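Spelled out, the chains give:
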Amino acid sequence: MTLQRRKSGRRLVPAVAGTAVAAGVLALLPSGAQAQPGTPRPSGAQADFTAAAVKYDVPVGVLMGVTREESGWQSHPGYSDKGGYGLGNLTDVTTGMLVDGAAGAGGRADLSELVNRPGMHTLRTASKLTGIPASRLKTDAGANLEGTAALLASYQKTLTGGLSENPSDWTAAVARYSRLTDEKAATGYVDDVFGTIASGAEQKTADGTLRLAADEDAEPELSQLDQLDLKSAAATATTGAECPSTMNCTYAPVAVTGSNGQVSNRPANGIQIDRIVLHTAEGSFASALATLSATGATASAHYLMDTDGSTTQLMPVEDIAYAVGNYHYNLHSVSIEHAGFTAQGAQWYTDATYRQTAELVSYLAQQYGVPLDRQHVLGHDNVPGSLDSNLAKQHWDPGTAWDWNRFMKLLGAPTDTGRHGVGEVGSVVTIAPRFEKNIQSYTVCPADDPTGATTACGEVAQPSNSLFVRQAPDADAPLLLDPDVHPALTAGTDGISDWSDRVQAGQQFVVADRQGDWTAIWYDGQEGWIHNPCGRNTVPTTGVTVIKAVGPDAAPLYGQAYPAASEYPAGLSPSRQVALTAPGYRIPVGQAYVVDQPAAQADDFFTSGAVVKGAVKYYQAQFNNRTIYVNAADVTATEAD
C-alpha cells in the first residue's frame, strides 16, 4: 500500500481562534503597530513581504509560499508558549517549554540535547543575520518577515553558492527551512510550498488582503534534496492507518522531529503501551490539524477525530507522542485528540464522537493489552504533572462534560452497573453519578472558553461526570483545598477548569467515613466529603487493590517512574527520579488509595533506541482527580473485600 503524503494543515485557516495545543492564533499584526521609532518602512502586510523579499533578494513567491505553509499567514503576537513566532514561525524553544509543555520532559538527562537540536532556535540565527533584536522578531510582523527572508537567503547561498530569481532554484533552501529531516516529509513540505506558488493565493487579514499571484511555471527541483542529509522514505515507511476497518480513518503522518515526539518501536522494544488518553483540542478540526502538523510543533497526538467521527492518524502508535505533559505517561500511552472546546463539551461531544472513539479505543486496547479501567483509559485531566513545578499546570480536558459512564459502557467495561450504595469504612466505592441527572454549577470565565462566546465569568449549570469534594459533610462547606494548586486560598473553587476538588465517574476511592447523606473518601492526602444520599452516586466495589503507607512515615509520591541512576549503563545519562515535595503530595499513615493493576517496572527510553529497565516497581494509584506513581516498597497492598 502506498503511504499517503502528509497533507498540509497549515493552509487551513482556523475556524475558531485559539486552541489548547497551541497559543491562540490571531490575526496578522500590522507592522506599523509594532514598528520601533527610527525604522520607517512601507506600511501594510503586502508591502512588508515585498520589502523583505527585495532586501534579501528572495523571490517574493518563495517568501509568501513558505510563510503560508508555516503559519497560514496568521501570526502569534507577542510571546509564544510553543516556541514559534510570527508569520515565518521563527523558533526559539526553551527548556521551560519542554518541561511544562506537552513533552513533560522535566528530570530527563537529555533535556539539554532536546532543547539544543538544530532548528529549535532559528529566531536567534535570524537575529544575527539581520541585526534585529530577537524581541522585535517575535512581535513585529515586518521584522519577522525580514528574519524569514534572511534565513532563506543564507540557506540558498550555503546550498547553491548564490541567489536566483527563479523560485525553482530555491527548492533545497525551502526544504532546509522546514527543519524536517525525513525525506518524505520534507518532500511533502516542498510540494505544498510550490503548490501555493504555482496556484497563487489570496487571504484577508486585519491589515488588508494578501495576494500571491500565480506562477504556473514554478515547480520544485527535487533533485536538489540530495544535498540535504534526509532520512530515506523507505526507512520510515509504514503501512497505513492503525484503525478498525469499519472506521473512516486516514493516515496523514507528521514528521516525528524530537520536539513533538520520538521515533520508537513500542511495544516490541519492551516499552509497554498500557494507557490511552483522551483529549479535547480547544479548537476546530482544521485548527487542531494545522497546529499538530506544523513544522517545529512541540505537541502531538497519535489520532485526531472530528465531530462526525472521521479520524486522522498523525503518528504511528509505536512512536511516542508528546501529548500529555508528562514524559513517562507519554512513554506508555496513545493519545486521541478530539475537535471541540472543553468548556462547551456537550455541544462538541457528539454521538459519533462517543461511538467512534469507543471503537478506536477497543481496537487499541485489544492490540496492545491496555486494561479497560479508569486508571488506564484516562482523560488528559487525569494525568499528573511530572515534577512539583508543573503539578498545577496540567490540562483539564476533556473535563466535566465527557460522559465517562456512557463511554465505558460502550467499551464493554461499564463503571456504573450493580447496586448503587456505599459500604463500610475501609471499603472501596466507584464514583458513578448518573450523568443526565447530575446537574452541577460551574463558574466559566473567558479564559476557559477559547470560542469567545464567554465574555464574563458566570455560573453555568450542566450535566456532569463529576462530584465536588468538600472539607466537611455540608453543602455550604468549603471545597477541598489542594494547596499546590491554590497556595493563596483556603478552599478550592467551582471554576470549570479547577480539577483539584472533584471526582469523576469511574474513579475509585476508599471510604474514610460516613455521615447522613455524605460519604468521606481519602483524596489528595486528605479526608474529603462527597454528597451521596442513599449511596446514589457510588457503587460498592471489590476485587481491586488497596495500598497503605508502610511504617510510621507517609509514603512519597512520584510524577515519573524512572530507574535508579546506578541502573543506567555507561554512556546513558540517568533521568532524575525524585519524590514530589509539593504540599500534600504523599500518602499519610492511616489513609488508603486504590490501584487497579499490578506494580510495573521502572523504565526509560532514549532517542538512540536504548531502553533501560529498573528493579524498583511502581503502582499507578488514584490519588485525587489524577493518578500518581507510588513505589511498591513504600506501601502494603491488599485486595478490597
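Look above for the structure.
Residues numbered from 1 in each chain as written. Predicted model: local features only at pLDDT ≥ 70, side-chain atom pairs only at ≥ 80, totals over all residues. Heavy atoms only, no water.

So, on to the overall build of the chain. Each helix and strand in the chain was counted, giving 16 helices and 29 strands. Pairs at least 24 apart in sequence give 71% of the contacts found in the chain among residues at least 6 apart. Summed over its atoms, the accessible surface of the chain is roughly 23,300 Å², and 51% of this surface lies on carbon and sulfur atoms. (Helix = DSSP H or I, 4+ residues; strand = E, 2+ residues; numbered from the N terminus. Contact = heavy atoms within 4.5 Å. Areas by Shrake-Rupley, 256 points an atom, 1.4 Å probe, with all protein chains shown as cover.)

Let's shift gears to the sheet that holds strand S8 (residues 303-305). The strand order across the open sheet formed by six strands is S5-S9-S8-S11-S7-S12, and the pairing between neighbours is mixed. Where the open sheet ends on each side, the last strands, each with one partner, are strand S5 (249-251) and strand S12 (377-379). Taking the axes of each pair of neighbouring strands and ignoring which way they run, one obtains an average angle of 25° across the sheet. The sheet contact formed by strand S7 (residues 275-280) and S12 spans three bridges and is parallel. Looking across to S12, one finds that Val277 is bridged to Leu378. The sheet contacts of helix H15 (residues 351-368) involve S7, S8, strand S9 (311-313) and strand S11 (333-338), and relative to S11 the element is tilted by about 165°. (Pairing = 2+ DSSP bridges. Axes fitted to C-alpha atoms, helices over the stretch in contact; angles between N-to-C directions.)

Another aspect to go through is the sheet that holds strand S19 (residues 518-523). Hydrogen bonds along the backbone pair up the strands of a sheet, which may run parallel or antiparallel. Here we have five strands laid out as an open sheet, ordered S20-S19-S18-S13-S21, and antiparallel in their pairing. Two strands in the sheet have a free side with no partner beyond their single neighbour: strand S20 (526-531) and strand S21 (538-541). Each strand axis lies, on average, 45° off the axis of its neighbour in the sheet, ignoring direction. The pairing of strand S18 (residues 508-515) with S19 spans four bridges and is antiparallel.

With an omega dihedral of -10°, the bond running from Arg266 to Pro267 counts as a cis peptide bond. Looking at the element boundaries, Pro267 is found in the loop between strand S6 (261-262) and S7. Cis geometry is adopted by the peptide bond preceding Pro398, which originates at Asp397 and carries an omega value of 0°. Along the chain, Pro398 turns up in the loop between S12 and helix H16 (404-410). A positive phi is found at Glu282, a non-glycine position, where the angle reads about 60°. Considering the arrangement of structural elements, one finds Glu282 in the loop between S7 and helix H12 (285-293). With a phi angle near 60°, Cys534 is a residue other than glycine that sits in the positive phi range. Structurally, Cys534 is set in the loop between S20 and S21.

Taken as a whole and judged by the stated rule, the model has two disulfides. Residue Cys243 pairs covalently with Cys249 via a disulfide, S to S 2.0 Å. Each member of the pair, Cys243 as well as Cys249, is classed as buried. Disulfide partner of Cys445: Cys457, at an S-S distance of 2.0 Å. In this structure the cystine formed by Cys445 and Cys457 twists about its S-S bond by roughly 120°; its chirality is therefore right-handed. Here Cys457 lies in the loop between strand S14 (439-444) and strand S15 (458-463) and Cys445 lies in the loop between S14 and S15, a separation of twelve residues in the sequence. The connectivity of the disulfides in the chain is 1-2, 3-4, where the numbers refer to bonded cysteines in sequence order. (Disulfide = S-S within 2.5 Å. Buried < 20%, exposed > 50% of the residue type's maximum accessible area, 1.4 Å probe, protein only.)

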